[in-house]
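# Structure at a glance
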Amino acid sequence: MAGTHVYTDYHPRWLRRHVSTYWWLEKWAYFAFILREATCLFVAWFVAYLLLMIGAVVGGADTYLRFLDWSASPWVLTLNAASFLFMIYHAITFFVAAPQALVVHVGRRPVPAQLVLAGHYLAWAAASALVVWVLTRP
Amino acid sequence: MQDRITLQVARYRPEQESDITFEEHDVPCPKDWVILDGLNHIKDRIDGTLSYRWSCRMGICGSCGMTVNGEPKLTCATFLSDYAPGPVRVEPLRNFPVIRDLIVDIGDFMQKLVRVKPWLVREVEKPLTEGEYLQTPDELDEYKHYSMCINCMLCYAACPIYGLDSKFIGPAAIALAQRYNFDNRDQGSGDRMAVLSEHEGIWGCTFVGECTKVCPKHVDPAGAIQRYKLTAALETMKSFFLPRGA
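Please read all numbers here as calculations on a predicted model, not as lab measurements.

## Some thoughts on the overall build of chain B
Looking only at helices and strands, chain B has nine helices and seven strands in total. Projected onto its principal axes, the C-alpha positions of chain B cover 70 × 40 × 30 Å. Sorting the 246 residues of chain B into buried and exposed places 40% on the buried side. Here the analysis covers contacts within chain B between residues at least 6 apart in sequence; of these, 67% occur between residues at least 24 apart.

## Notes on the overall build of chain A
From N to C terminus, chain A includes four helices and two strands. Moving toward the C terminus, one meets the helices and strands of chain A in the order α-α-α-β-β-α. Seen along its three principal axes, the alpha-carbon backbone of chain A occupies a region of about 85 × 50 × 25 Å. By the burial criterion, 4% of the 138 residues in chain A qualify as buried.

## Description of the sheet that holds strand β1 (residues 4–11) of chain B
Each strand in a sheet pairs with another by means of backbone hydrogen bonds, the pair being arranged parallel or else antiparallel. Residues and elements named next belong to chain B. One open sheet accounts for five strands, arranged β2-β1-β5-β3-β4; its pairing is mixed. One side of each edge strand has no neighbouring strand; the edge strands of this open sheet are β2 (21–28) and β4 (71–74). Recorded for the sheet is a direction-independent mean angle of 35° between the axes of neighbouring strands. Of the strand pairs in this sheet, β1 and strand β5 (residues 88–91) are connected by three bridges, and their pairing is parallel. Each residue of the ladder has a partner; that of Leu7, found in β5, is Val88. Against the sheet, helix α1 (residues 35–46) contacts β1, β2, β3 (65–68) and β5, and its axis sits at roughly 95° relative to β2.

## Focus: the nonpolar core
Nonpolar side chains tend to gather and get buried jointly when the protein is soluble and globular. Residues and elements named next belong to chain B. Formed by 63 residues in total, the largest nonpolar core has its most connected members in Val90, Met153, Leu154, Cys155 and Ile174. Those elements giving two or more residues to this core turn out to be β1, α1, β3, β5, α4 (154–158), α6 (171–181), α8 (210–214) and α9 (221–241). Each of domain 1 (4–104) and domain 2 (107–241) gives at least three residues to this core. Apart from the residues within four sequence positions on either side, Ile174 is in contact with Ile169, Leu196, Ile202, Pro221, Ala224, Ile225 and Tyr228.

## Overview of unusual backbone geometry
All names here are of chain B. Here the residue pair Ala84 and Pro85 is connected by a cis peptide bond, since its omega of 5° sits within 30 degrees of zero. Within the secondary structure layout, Pro85 lies in the loop between β4 and β5. Here the bond from Gly86 into Pro87 is cis, since omega is -5°, no more than 30 degrees from zero. A positive phi angle is found at Asp101, which is not glycine, with a value near 45°. Topologically, Asp101 is positioned in the loop between β6 (98–100) and β7 (103–104). Since 22 C-beta atoms lie within 10 Å of it, Asp101 is described here as buried.

## Thoughts on the domain arrangement of chain B
Interface size is commonly expressed as the accessible surface area that is lost when the partners come together. Residues and elements named next belong to chain B. Here the domain parsing of chain B yields domain 1 (4–104) and domain 2 (107–241). The C-alpha centroid of domain 2 is placed 30 Å from the C-alpha centroid of domain 1. Sorting the residues of the side of domain 1 that touches domain 2 by element identifies β3 and β4 as the ones contributing at least two each. A per-element tally of the side of domain 1 that touches domain 2 places β4 first, with three residues. Here the side of domain 1 that touches domain 2 is composed, by residue class, of six nonpolar, five polar and two charged.

## A look at the interface of chain A and chain B
The interface is formed by 17 residues belonging to chain A together with 23 residues belonging to chain B. When residues of the side of chain A that touches chain B are traced back to their parent elements, those giving at least two are α1 (28–58) and α3 (74–101) of chain A. Grouping the amino acids of the side of chain A that touches chain B by side-chain chemistry returns 12 nonpolar, two polar and three charged.

## A word on the environment of B:Tyr143
Residue and element names in this part refer to chain B. Relative to the helices and strands, Tyr143 resides in helix α3 (residues 137–143). Tyr143 sits 24 residues away from Lys167 along the chain, and the two C-alpha atoms are 26 Å apart. Apart from residues no more than four positions distant in its own chain, Tyr143 is found in contact with Arg179, Phe182 and Asp183.

## Observations regarding α9(B)
Taking 1.5 Å of rise per residue, the 21 residues of α9(B) would be expected to cover 30 Å, and the 30 Å separating its terminal C-alpha atoms lies within 8% of that figure. For α9(B), the full list of buried residues reads B:Pro221, B:Ala222, B:Gly223, B:Ala224, B:Ile225, B:Gln226, B:Arg227 and B:Tyr228.

## Some remarks on the packing of α1(A) against helix α2 (residues 61–71) of chain A
Residue and element names in this part refer to chain A. Interaxial distance between α1 and α2 falls to 6 Å at its minimum, and their mutual angle equals 145°. Touching Leu52, Met53, Ala56 and Val57 of α1 are Thr63, Tyr64 and Phe67, all from α2. Tallied by class, the residues present in the contact of α1 with α2 amount to six nonpolar, one polar and no charged.

Quick notes on the rules
Residues numbered from 1 in each chain as written. Chains lettered and ligands numbered in written order. Predicted model: local features only at pLDDT ≥ 70, side-chain atom pairs only at ≥ 80, totals over all residues. Helix = DSSP H or I, 4+ residues; strand = E, 2+ residues; numbered from the N terminus. Buried ≥ 20, exposed ≤ 12 C-beta atoms within 10 Å, placed from the backbone. Contact = placed C-beta atoms within 7 Å. Pairing = 2+ DSSP bridges. Axes fitted to C-alpha atoms, helices over the stretch in contact; angles between N-to-C directions. Core = buried A, V, L, I, M, F, W, Y, C linked by C-beta atoms within 7 Å. Domains from an automatic or database assignment. Nonpolar A, V, L, I, M, F, W, Y, C, P; charged D, E, K, R; others polar. Expected span 1.5 Å × (residues − 1).

This is the structure:
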């Protein structure tokens, strides 16, 4: 079976082609998938950033001001901006995939995939509106 | 419309070659010719030693899956004129060992398919005198699109996970397992759960989604796998919170 065998009529030598390390560069769809998987790193960063912020708030006014100064540094701003874009990408790809995994029935009828997708976007919009309201209320 | 197109056909003759080589042939390109017609033309008129599988020529048997310009395709359902002005590169399906030319070994898939019991499992068959198992159109719709799978294995060729880890049970086998799990006449979902919930079962899938895109029958294997992940997770939760199966 292996490529090292000598070929005989009764022992065919199969060709086993190995997947390239760079298989994810062969097609845009594969690259988009890897990009989607990579968004987990930015999710982890936002979680860490949130924990740092909570720690700063708990630490008092001085600690919080130092945290704000650190957050205003160019590399943190750049990282947060990139993370935000990756979060958007993560959410959109998650929503696009959701109707395939989540087949909802009303009675015996399945709800169309477009409605499931729309439901996700509506929930996202509602959650965003709530955050905006909390941040901007007097 | 051009009247001829160049086919670049992969050749692998294990008695004389250690890797794939390509041969170019000019074939006619009428608008109703598919890739398979081009290959048949080469075999009939140019080189009778070219080896490939085909049977029905109508997208039913699933035999003639090949890689066409890098994409897994049924060659009986892929028109030459869509690739004009050419050339069109025809290779064996990816992720499978090549036996000769465009023929791949499908033994791995066949063994995996049997493991998920793709047939109706009944604990006890009711006597024939009680008649057939009745099913409503709604109950049929639950699984019908999964039953369209023709075992062409294009989904395996498109799946990088299967390419990297051949132990992964793969898209079509899971979709066919779901075809029976969603059939209200079936009672074998517990047996299938044991196979599908293994690490190389549903959890091997990272939802690249290419299996669904290349499926010529719109079976949506990626969706079948994600739905099963949800089922398996819920079953695990149930067994955790309701250990006595309440």
